[in-house]
Amino acid sequence: MELIKPGTDIDFVSKVKWAVGFSWLLILIGILSLVLHGGPNYGVDFAGGTMVQVRFTHKPPIKDIRAALTPLSLGDATIQDFGAGGTTGTSDFLIRLPLAATEMEDVSNKITTALQDKFGKDGVELQRVETVGPRVGKELRIRAILAVALATLMMGAYIWFRFELRFGVGAAIALMHDVLITVGALSICNYEIDLTIVAALLTVVGFSVNDTVIVSDRIRENMRKNRRDPLAKIINSSINETLSRTILTTGTALLVLVALFLLGGNVINGFAFALLVGFTIGTYSSIYVASPIVLYFERGARRRT
């Protein structure tokens with residue numbers, strides 16, 4: 001099945017300067033959001049603390065939940081509506097506590113007791129408790145950053161080994177571009193960065209490099225067949241030849257992700273959002289970031305000769 005007719009000749013290379021400006025704009029907006037938010041919004045996995053999930057038979061206002069917990073002196077606790085519970089009519093809430101509150105003995109039982117006193121014993125049920133100490137949270141944060149960075153470098157090294165240095169550099173820059181924009185989008189929408197989001201970022205790296213490999217392979221193949229053609233023309237024709245496959249692959253993946261984002265509930269919402277942004281920007285970067293860098297390498301070599 002081909003969505004793009006054979007012989008289509010869209011001039012992608014001529015729009016590279018606009019694409020570079022657009023990419024920098026997205027990255028800078030993401031960085032600005034991170035600065036205004038005081039850095040990434042780390043979840044309990046990375047920041048440390050305690051997360052308590054409770055289920056109410058009838059959905060109460062958040063202000064009433066906070067009023068019930070005020071006598072416990074839990075500090076700057078965050079209360080979040082987690083959506084519908086396991087049965088019809090029930091609602092789940094997440095209560096995130098700072099590190100100081102985790103030092104309280106049996107803090108989850110105290111929270112449950114306080115809420116049951118307010119809403120009745122049959123009206124509140126403790127679902128789960130997660131506690132992460134400051135040292136463990138810091139170690140997880142460092143390992144997560146290293147995992148994403150090493151995955152990006154190794155993917156670039158793989159393409160360098162399979163093709164040429166310029167293809168590897170283009171792939172590595174494109175992958176860093178995708179991760180930065182995805183993290184910026186998560187910050188703008190105030191999603192928490194936790195281990196699930198790290199898994200999403202690693203998935204984005206894998207998906208993006210797959211598309212880059214397809215385009216790079218076609219560029220190399222056309223360079224051998226059309227030695228006399230300018231590289232800019234070869235890159236354009238290669239992207240056009242793989243465009244139908246790119247649209248089909250990315251389009252079907254995005255359809256699934258949209259369904260997960262809309263219907264998957266709050267548990268998987270952040271994961272699906274990260275993949276939606278990452279897959280979309282990864283397809284864009286394989287065309288407007290990775291491929292043009294191959295052309296820049298050739299132009300730089302010409303200037304030196």
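So, here's what we can say about the structure. Note that the coordinates shown come from a computational prediction; the quantities given were computed from them, not determined experimentally.

In this fold, Asn269 is placed in helix α10 (residues 266-304). Accessibility expressed as a relative area gives 14% for Asn269, which makes it buried. Here Phe261 takes part through its backbone oxygen, which lies 3.1 Å from a polar atom of the side chain of Asn269. Discounting residues that sit within four places of it in the chain, Asn269 has contacts with Tyr191 and Phe261.

With that settled, consider the nonpolar core. Grouped together as the largest cluster of nonpolar side chains are 50 residues, with contacts concentrated most on Ile159, Phe167, Leu186, Ile219, Leu231, Ile235 and Phe279. Counting only elements with at least two residues in this core, the list comes to α1 (16-36), α6 (134-162), α7 (165-188), α8 (195-225), α9 (231-263) and α10. Ranked by size, the runner-up nonpolar core spans 17 residues in total, among them Phe56, Ala68, Ile95 and Leu115.

What follows covers the packing of α7 against α8. Contact geometry for α7 and α8: axes closest at 9 Å, N-to-C directions at 145°. α8 is crossed by α7, and the crossing has right-handed handedness. Residues Arg166, Phe167, Ala171, Leu175, Asp178, Val179, Thr182, Val183 and Leu186 of α7 touch α8, and the partners they reach there are Ile197, Leu201, Val204, Val205, Ser208, Val209, Thr212, Ser216, Ile219 and Met223. Residues of the contact of α7 with α8, tallied by class, amount to 13 nonpolar, four polar and two charged.

According to the stated counting rule, one finds eight aromatic pairs in the structure shown. A centroid spacing of 5.8 Å and a plane angle of 80° characterise the contact between Phe22 and Tyr284, whose relative ring orientation is edge-to-face. Taken together, the residues Phe22 in helix α1 and Tyr284 in helix α10 connect sequence positions 262 residues apart. A relative accessible area of 40% means that Phe22 is categorised as partly exposed. Its relative accessible area of 16% is what places Tyr284 among the buried residues. Judged by centre distance (5.5 Å) and plane angle (40°), the rings of Tyr284 and Tyr288 are tilted. Residue Tyr284 and its partner Tyr288 are both found in helix α10; the two are separated by four residues, about one turn of the helix. Here the two residues Tyr284 and Tyr288 agree in accessibility, since each one is buried.

We now examine unusual backbone geometry. In the Ramachandran plot, Asn190 falls in the positive-phi region, its phi being about 60° despite a non-glycine side chain. According to the relative accessible area criterion, Asn190 is partly exposed, its value standing at 45%.

The residue Ile268 is located in helix α10 in this model. A residue is classified by how much of its surface remains accessible, and Ile268, at 26% relative accessible area, is partly exposed. Along the backbone, Ile268 and Arg166 are 102 residues apart, and their C-alpha atoms lie at a distance of 37 Å.

Turning next to the pattern of salt bridges. This structure, assessed with the given rule, holds seven salt bridges. As a salt-bridge pair, Glu241 and Arg218 come within 3.0 Å of each other at their nearest N and O atoms. Of this pair, Glu241 sits in helix α9 while Arg218 is found in helix α8, placing the two residues 23 residues apart along the sequence. Ionic pairing is found between Glu221 and Lys225, a salt bridge with its closest N-O pair at 3.8 Å. Here Glu221 pairs with Lys225, and both are found in helix α8, just four residues apart, close to one helical turn. The exposure class assigned to Lys225 is exposed, which follows from its relative accessible area of 57%. Each of Arg218, Glu221, Lys225 and Glu241 takes part in a single network of salt bridges with overlapping partners.

Compared with an ideal rise of 1.5 Å per residue, which puts 31 residues at 45 Å, α8 spans 46 Å between its outermost C-alpha atoms and is within 8% of the ideal. At the N-terminal boundary of α8, the capping side chain belongs to Asp194, with an oxygen 3.2 Å from the backbone nitrogen of Thr196.

In this fold, Val54 is placed in strand β1 (residues 49-56). Judged by its relative accessible area of 0%, Val54 is buried. Distance in space between the C-alpha atoms of Val54 and Phe93 is 5.5 Å, their sequence separation being 39 residues.

To continue, consider the packing of helix α3 (residues 62-69) against helix α5 (residues 107-119). Orientation of α3 relative to α5, taken along the N-to-C sense of each, is 120°, at an axis distance of 9 Å. Classified by the angle between their axes, α3 and α5 sit oblique to one another. Here the hand of the crossing between α3 and α5 comes out right-handed. When α3 is examined against α5, the residues Asp64, Ile65, Ala68 and Leu69 are found in contact with a partner set consisting of Ile111, Ala114, Leu115, Lys118 and Phe119. For the contact of α3 with α5, the residue count by class is seven nonpolar, no polar and two charged.

Cut-offs and rules
Residues numbered from 1 in each chain as written. Predicted model: local features only at pLDDT ≥ 70, side-chain atom pairs only at ≥ 80, totals over all residues. Heavy atoms only, no water. Helix = DSSP H or I, 4+ residues; strand = E, 2+ residues; numbered from the N terminus. Buried < 20%, exposed > 50% of the residue type's maximum accessible area, 1.4 Å probe, protein only. Polar contact = N/O pair within 3.5 Å; in protein donor to acceptor, adjacent residues only side chain to side chain. Contact = heavy atoms within 4.5 Å. Core = buried A, V, L, I, M, F, W, Y, C linked by side-chain atoms within 4.5 Å. Axes fitted to C-alpha atoms, helices over the stretch in contact; angles between N-to-C directions. Left-handed = near helix turned anticlockwise from the far one by under 90°. Nonpolar A, V, L, I, M, F, W, Y, C, P; charged D, E, K, R; others polar. Phe/Tyr/Trp six-rings, centres within 6.5 Å; stacked < 30°, edge-to-face > 60°. Salt bridge = Lys/Arg side-chain N within 4 Å of Asp/Glu carboxyl O. Expected span 1.5 Å × (residues − 1). Parallel < 35°, antiparallel > 145°, perpendicular 65-115°, else oblique.

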